[in-house]
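# Chain and residue survey
These are the residues of each chain, in order.
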Amino acid sequence: MVPGRDPSDNSQMQLLIVRHAAAMPRGTPGIPDDQRPLTPEGRAKFRVAARGLARIVDRPDVLLTSPLPRARATAEIAARAFKGVEAQVEPALAGESVDGIIVALTKLPKEATVAIVGHEPVLSSLLARFLGASQGERLAFKKGGGALVDLPKGPAAAGQLIWFLKPRILRALADD
């Protein structure tokens, strides 16, 4: 199902990185930044994008999410699209530490397909680390966008980018 990967090759970790969908704007009166929910439009658009993800990525063995509401809601939508996977909270995804996320990933089986849902700018920095790039801002994720990375030697080593897609492309891939 995943372009460029032999489906019988389970010897390496594959990481799906997803930025949370569109949320209430920062600074919205009465809503602290760490409590911002998804907007109704953000939810609706990501439901379609998640169907696109489910068409091009094997169902993850593990789905980790930031504990912040906007990421948890995004992960729950993705979990429904993938069927048979439950989102698990990973506190490292709420922080701004690439190293913290890598430590969390190293605790998972090396052959797992893992999906993570988190925030910018740490996700682009994480992707840059895996690709050996110095400027993560050039790999910035759109809200609801995603990337798929093969990590043949695990999350502590370099990886190979399979694809990096904007949410509108993921929505176009959804089966209507």
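Residues numbered from 1 in each chain as written. Predicted model: local features only at pLDDT ≥ 70, side-chain atom pairs only at ≥ 80, totals over all residues. Heavy atoms only, no water.

### A word on the side chain of threonine 39
By secondary structure assignment, the location of threonine 39 is in the loop between β1 (13–19) and α1 (40–56). A relative accessible area of 16% places threonine 39 in the buried class. Setting aside residues no more than four positions away along its own chain, threonine 39 makes contact with Ala22, Ala23 and Met24. (Helix = DSSP H or I, 4+ residues; strand = E, 2+ residues; numbered from the N terminus. Buried < 20%, exposed > 50% of the residue type's maximum accessible area, 1.4 Å probe, protein only. Contact = heavy atoms within 4.5 Å.)

### Quick word on empty space enclosed by the protein
Taken as a whole and assessed by the stated rule, the structure comprises 1 cavity of 30 Å³ or more. Empty space within the largest cavity amounts to approximately 30 Å³. Lining the largest cavity, in full, are Leu16, Val18, Phe46, Leu53, Leu63, Ala78, Phe82, Ala115, Ile116 and Val117. Elements represented by at least two residues in the lining of the largest cavity include exactly β1, α1, α2 (69–82) and β4 (113–118). At 3 residues, the largest contribution of residues to the lining of the largest cavity is made by β4. Classifying every residue of the lining of the largest cavity by side-chain character gives 10 nonpolar, no polar and no charged. (1 Å grid on protein atoms, 1.4 Å probe; cavity = no way out; pocket = protein on both sides within 12 Å on 5 of 7 lines; lining within 4 Å. Points joined across faces, edges and corners; volume = space filled by probe spheres on them. Nonpolar A, V, L, I, M, F, W, Y, C, P; charged D, E, K, R; others polar.)

### Focus on the layout of surface pockets
Reported here for the largest pocket is a volume of approximately 250 Å³. Taken together, 15 residues line the largest pocket, and the ones lying closest to its centre are Arg26, Arg36, Arg70, His119 and Glu120. Across the lining of the largest pocket, the residue classes tally to 4 nonpolar, 3 polar and 8 charged. Here the second largest pocket defines a volume of roughly 160 Å³. Contributing to the lining of the second largest pocket are Ala21, Ala22, Thr39, Glu41, Gly42, Lys45, Phe46, Ala49, Lys143, Gly144, Pro167 and Arg171. Elements represented by at least two residues in the lining of the second largest pocket include exactly α1 and α5 (167–173). The element contributing the most residues to the lining of the second largest pocket is α1, with 5 residues. Among the residues making up the lining of the second largest pocket, the classes are represented as 5 nonpolar, 3 polar and 4 charged.

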